[in-house]
Amino acid sequence: MKTFKTHYKSPIGTVEIEGPQDSILNLNFVDQAHSDDDDLPSCIKECAKQIDEYFQGNRKTFSLNLIMQGTDFQKSVWRQLRKIPYGTTASYGEVAVAIGNPTACRAVGSANGKNPISIIVPCHRVIGSDGTLTGYGGGLWRKEWLLKHEKDNR
């Protein structure tokens, strides 16, 4: 599958957007932007536009075609993450209960950490049961920034 990449310079670092002609496959923070593909498909351009609207505080939900590559369990966690409303949080335990597997808190944490499409699949909205910020692939400082950004723009 041929994929295309572009980069968006957000207030908290460069976001790499990758996908084939009609879907988003990956969206992650990267240290360095490589040169973007020429002639990007409309799906990638639309994703960059929606990410920009999110960072401007004008977008609360995303309407993009996503390719979620993972196990059935991971996909069930990622679907549940998309149900956590903008500006709110849920604990790993609450996500485990919501997917019908209340003892799977650690597995939920593992799936959360393997989320390939950050922000759109809002893994940053999952926190510890005591309200503490725990693990985020982009760094806890970004997680804290994203949660504050959403709270301030509700």
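Look above for the structure.
In this text the structure is predicted, and so the values were computed from the model without any measurement.

The rules behind each value
- Throughout this description, residue numbers start from 1 for each chain and increase along the sequence as written.
- Whole-chain, interface and lining totals are the exception, using all residues; otherwise, since this is a predicted model, local features are given only for residues with pLDDT of at least 70 and side-chain atom pairs are given and counted only at 80 or more.
- For the side-chain quantities, the full set of heavy atoms in the structure was used; hydrogens and water were omitted.
- Here a helix means four or more residues in a row that DSSP labels H or I, a strand means two or more in a row labelled E, and each is numbered from the N terminus.
- In this setup the radius of gyration rests on C-alpha atoms only. A globule is expected at 2.2 Å times the number of residues raised to 0.38.
- Exposure classes here rest on a 1.4 Å probe applied to the protein chains alone. A residue is buried below 20% of its type maximum, exposed above 50%, and partly exposed in between.
- For this analysis, residues touch if any pair of their heavy atoms sits within 4.5 Å.
- Under the convention used here, a 1.4 Å probe and the Shrake-Rupley method define accessible areas, while residue burial counts only the protein chains that appear.
- By the counting rule applied here, Lys and Arg register as positive and Asp and Glu as negative, while His and the ends of each chain are not counted.
- A charge is said to be at NZ when it belongs to Lys, at CZ for Arg, at CG for Asp and at CD for Glu.
- We call two N or O atoms a polar contact when they sit within 3.5 Å, provided that within protein one can donate a hydrogen and the other can accept it, with sequence-adjacent residues counted only if both atoms are side-chain atoms.

To continue, consider the overall build of the protein. The helix and strand tally for the protein stands at 5 helices and 5 strands. Reading the secondary structure of the protein in the N-to-C direction produces β-β-β-α-α-β-α-α-β-α. Taken over C-alpha atoms, the radius of gyration comes to 15 Å for the protein, in line with the 15 Å a tight globule of 154 residues would show. With respect to the three principal axes, the spread of C-alpha positions in the protein is 45 × 35 × 25 Å. The burial tally for the protein puts 49% of its 154 residues in the buried class. Contacts in the protein between residues at least 24 apart in sequence constitute 57% of all its contacts with a sequence separation of at least 6. Here the protein has roughly 8,000 Å² of accessible surface; of this, 47% comes from carbon and sulfur atoms. Once the 19 positive and 17 negative side-chain charges of the protein are each reduced to a mean point, those two points are 6 Å apart.

All right, on to the environment of Arg142 then. Along the chain, Arg142 falls in helix 5 (residues 140–152). According to the relative accessible area criterion, Arg142 is buried, its value standing at 13%. When sequence neighbours within four positions are dropped, the list of residues in contact with Arg142 reads Ile12, Gly13, Phe29 and Tyr136. A distance of 2.8 Å separates a polar atom in the side chain of Arg142 from the backbone oxygen of Gly138.

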